[in-house]
Amino acid sequence: QVRLVESGGGSVQAGGSLRLSCASSADTDRRLSVGWFRQAPGKEREGVTYISPGGAITYYADSVKGRFTISQGSAKNTVYLQMDSLKPEDSGMYYCAAERRFGGSWSSPKDFNYWGQGTQVTVSS
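Since this is a predicted model, take the numbers as computed values, not measurements. (Residues numbered from 1 in each chain as written. Predicted model: local features only at pLDDT ≥ 70, side-chain atom pairs only at ≥ 80, totals over all residues. Heavy atoms only, no water.)

**Student:** I'd love a proper account of unusual backbone geometry, names of residues and values included.
**Tutor:** Its identity is not glycine, yet Ser85 carries a phi of approximately 50°, on the positive side. In this fold, Ser85 is placed in the loop between β8 (78–83) and β9 (92–99). The backbone of Arg101 sits at a positive phi, close to 50°, despite the residue not being glycine. Mapped onto the fold, Arg101 is located in the loop between β9 and β10 (114–115). (Helix = DSSP H or I, 4+ residues; strand = E, 2+ residues; numbered from the N terminus.)

Structure, rendered in structure tokens:
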């Protein structure tokens, strides 16, 4: 029932920045919990950051805290992930995920029911 589309990925040198977008097909009057996950080749998918409905609560993985910022657009159907001071270890496929009435773990992929197709982020040294 919820369609998510990510965009904004690309290749960047270490220390550079990217901004990812996650657009949702959900009605603007129905808020979603949104998380960003990433997966490097051969590695498990990991939680990067999370934002609660309305943006009152955010969580960040320790590895990205202080460098990444998640925010909700004014249209309420778009969530952004601003990534600064990128490191090679940030490389991977980044996925936007969403859930209604979220009650699980923000960093657990299994607790999110809706997923985008992913956008590739490559950080070179």
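Past the structure itself, the notes keep going.
**Student:** Before we move on, can you summarise the packing of aromatic side chains with the specific residues and values?
**Tutor:** In total, this model carries eight aromatic pairs according to the counting rule given. Taking the centre distance of 5.8 Å and the plane angle of 25° together, the rings of Tyr59 and Trp106 count as stacked. With a gap of 47 residues between them, Tyr59 in strand β6 (residues 58–60) and Trp106 in the loop between β9 and β10 connect regions that are remote in the sequence. Looking at Tyr59, the relative accessible area reads 40%, which means it is partly exposed. Feature note: the residues Phe37, Tyr50, Tyr59, Tyr95, Phe102, Trp106, Phe112 and Trp115 constitute an aromatic cluster, connected by ring pairs. Taking the ring centre of Tyr80 as reference, the NZ or CZ of Arg19 above it sits at 4.3 Å. Across from the ring centre of Trp115, 4.9 Å away, lies the NZ or CZ of Arg45, which sits over that ring. (Phe/Tyr/Trp six-rings, centres within 6.5 Å; stacked < 30°, edge-to-face > 60°. Buried < 20%, exposed > 50% of the residue type's maximum accessible area, 1.4 Å probe, protein only. Lys NZ or Arg CZ within 6 Å of the ring centre and 35° of its normal.)

**Student:** Go over the sheet that holds β8 with me, naming the residues and quoting the values.
**Tutor:** Read across the open sheet, the four strands follow the order β1-β3-β8-β7; overall the sheet is antiparallel. Lying at the two open borders of the sheet, with one neighbouring strand each, are β1 (4–7) and β7 (68–72). Here the average twist between neighbouring strands, direction ignored, is 15°. Bridge count for strand β3 (residues 18–24) against β8 is six bridges, and the pairing is antiparallel. Looking at β8, one finds that Ser21 is bridged to Tyr80. (Pairing = 2+ DSSP bridges. Axes fitted to C-alpha atoms, helices over the stretch in contact; angles between N-to-C directions.)

**Student:** Please give an account of the environment of Ser91 that cites residues and values.
**Tutor:** On the secondary structure map, Ser91 appears in the loop between β8 and β9. For the pair Ser91 and Ser124, spaced 33 residues apart in sequence, the C-alpha to C-alpha distance is 8.3 Å. Here Ser91 is in contact with Ala40, Val121, Thr122 and Val123, once residues within four sequence places are set aside. At 2.9 Å, the side chain of Ser91 and the backbone oxygen of Pro88 are in polar contact. Within the structure, the side chain of Ser91 is placed 2.8 Å from the backbone nitrogen of Val123, a separation counted as a polar contact. (Contact = heavy atoms within 4.5 Å. Polar contact = N/O pair within 3.5 Å; in protein donor to acceptor, adjacent residues only side chain to side chain.)

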